[in-house]
Amino acid sequence: MSRTAGRAGEPLREDRSRETTAAGLSWGEFARARKPFVERWPTVFRLRLVRDHHQIARELVPGARSVLDVGATERLHEAGVRKAWPGVDYRSFDVDRTHPHDYHDFADVDRQFDLLTLLEVLEHVPPSIAVDIVRQCFQLTRPGGHLLVSVPNVYRPGVQQEWTHIAQFPYMDLAGLLAWAGFEVVDGARVYYASPRGWLLHAKLFAPLHRFLSVDFAHSIVMLCRRPG
């Protein structure tokens, strides 16, 4: 860490201008990227509530013709993607070769897509790897195309108890990372996939209590962002 000279008679001061976060990003750059979202959504409850991960993309990207599902595991989301965008060219990506996928390495993907989905993936890798994944997704999103990302909602008690969860993503940090990578954040939401009874109890009846206690019930945070161009 370098030192800068103070005024006459003052000791040298540490130059912390290039200090980085655990993810390897400049803290100053990341804080500037995150700031608009702290102001846009002062609390997690300012994010609207939706019933599934794809809802905001179905609403705002109705014409997607090609989708790359990053971290597809057993291609869990394929049916939902095909239902949302009939006739879509769906491709799956996962580094795990246990299941058949179209791609197992970012270097093998030789095209760009209208929409990439990155659902419940980033929390399973160290922060520096999460940054690299978002960068790779930016390169594979066509100019004017979109990326849909979701992570567990850390404002829901117990959500990080799964032992494979490594990184935590408060909603403003997720939005800040996407903006830092070059995306425009279009919309964000809280995902609550529950029975009609659960929806009635928590989304309607108990919602004021949740806000008062600052304890959320939604399972995930989802962000839709756009690559400029």
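Presented here is an overview of the structure given in this document.

Definitions and limits used
- Residues numbered from 1 in each chain as written.
- Predicted model: local features only at pLDDT ≥ 70, side-chain atom pairs only at ≥ 80, totals over all residues.
- Heavy atoms only, no water.
- Buried < 20%, exposed > 50% of the residue type's maximum accessible area, 1.4 Å probe, protein only.
- Helix = DSSP H or I, 4+ residues; strand = E, 2+ residues; numbered from the N terminus.
- Pairing = 2+ DSSP bridges.
- Salt bridge = Lys/Arg side-chain N within 4 Å of Asp/Glu carboxyl O.
- Axes fitted to C-alpha atoms, helices over the stretch in contact; angles between N-to-C directions.
- Contact = heavy atoms within 4.5 Å.

Counting buried positions along strand E9 (residues 220-226) yields six of seven residues, so the element is predominantly enclosed. Here seven bridges tie strand E8 (residues 184-191) to E9, and the two strands are oriented antiparallel to one another. The partner of Val185 across the bridge, within E9, is Cys225.

Moving on, we get to the pattern of salt bridges. Enumeration over the complete set of coordinates arrives at 14 salt bridges. Arg75 is paired through a salt bridge with Glu78; the nearest N and O atoms lie 2.9 Å apart. Of the residues examined, Arg75 reaches a relative accessible area of 24% and is grouped as partly exposed. Salt-bridge contacts for Asp216 lead to Arg190; the nearest nitrogen and oxygen are separated by 2.8 Å. Taken together, the residues span a long stretch of sequence, with Asp216 in the loop between helix H7 (207-213) and E9 and Arg190 in strand E8 at a distance of 26 residues.

Before going further, it helps to examine the sheet that holds E9. Spatially, E3-E8-E9-E7-E6-E4-E5 is the arrangement adopted by the seven strands of the open sheet, whose pairing is mixed. Among the strands making up the open sheet, the edge pair consists of strand E3 (48-50) and strand E5 (89-93). Going from strand to strand, the sheet's axes swing by 25° on average, the running direction of each strand aside. Bridging between strand E4 (residues 66-70) and E5 involves five bridges; their strand directions are parallel. The partner of Val67 across the bridge, within E5, is Tyr90. Against the sheet, helix H4 (residues 127-140) contacts E4, strand E6 (113-119) and strand E7 (141-152), and its axis sits at roughly 150° relative to E7. Against the sheet, helix H5 (residues 171-180) touches E7, E8 and E9, its axis set at about 20° to E9.

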